[in-house]
Amino acid sequence: MAYTDGISEAMNHADEEWGEDRLMDTIETCDGLRAQEVLEKIFAAADAFVAGAKQHDDMTLVVLRVVARA
């Protein structure tokens, strides 16, 4: 996974940052999900935290999942 600081620094109406701890907590709940599902879950968690507060930075996230061949 790669992300821009706009993800971890997303701010709510109280000017609190979502932060890397919340990001990592969300990632830990994504075991077994497809890459697209991980992406959607992280953005949903960040969006829920900011609760509609205007963001001032880009929010870019790249998720890759490597699957071993049998």
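That block above? That's the structure.
On a predicted model such as this, the values are computed, not experimentally measured, just so you know. (Residues numbered from 1 in each chain as written. Predicted model: local features only at pLDDT ≥ 70, side-chain atom pairs only at ≥ 80, totals over all residues. Heavy atoms only, no water.)

J.: Honestly, the nonpolar core in this entry has me stumped. Any pointers?
T.: Nonpolar side chains tend to gather and get buried jointly when the protein is soluble and globular. Counting 14 residues, the largest nonpolar core has Trp 18, Ile 42 and Leu 61 as its most contacted members. At six residues, the largest contribution of residues to this core is made by helix H3 (residues 35-50). For Trp 18, the residues in contact, after removing those within four places along its chain, are Ile 7, Ser 8, Ala 10, Leu 23, Thr 26, Ile 42, Ala 45, Ala 46 and Phe 49. (Core = buried A, V, L, I, M, F, W, Y, C linked by side-chain atoms within 4.5 Å. Buried < 20%, exposed > 50% of the residue type's maximum accessible area, 1.4 Å probe, protein only. Helix = DSSP H or I, 4+ residues; strand = E, 2+ residues; numbered from the N terminus. Contact = heavy atoms within 4.5 Å.)

J.: Any chance you could explain a negative patch on the surface here in plain terms?
T.: A grouping of Asp 5, Glu 9, Glu 17, Glu 20, Asp 21, Asp 25, Glu 28, Asp 57 and Asp 58 is seen on the molecular surface, where their side chains present a negatively charged patch. Tallying contributions element by element places helix H2 (residues 19-27) first for the negative patch, with three residues. Topologically, Asp 57 is positioned in the loop between H3 and strand S2 (61-62). Classification of Asp 57 by relative accessible area gives partly exposed; the value is 37%. (Patch = residues over 30% accessible without salt bridge, like charges linked within 9 Å, V, L, I, M, F, W, Y side chains within 5 Å. Areas by Shrake-Rupley, 256 points an atom, 1.4 Å probe, with all protein chains shown as cover. Salt bridge = Lys/Arg side-chain N within 4 Å of Asp/Glu carboxyl O. Lys, Arg positive; Asp, Glu negative; His and termini not counted. Charge placed at Lys NZ, Arg CZ, Asp CG, Glu CD.)

J.: Could you clarify how one ought to interpret the pattern of salt bridges in this entry?
T.: If charged atoms from side chains of opposite charge come close, those side chains can pair. Summed over the entire model, instances satisfying the criterion amount to one salt bridge. Between Arg 34 and Glu 37 there is a salt bridge; the shortest N-O distance is 3.8 Å. Given the relative accessible area of 51%, Arg 34 is considered exposed.

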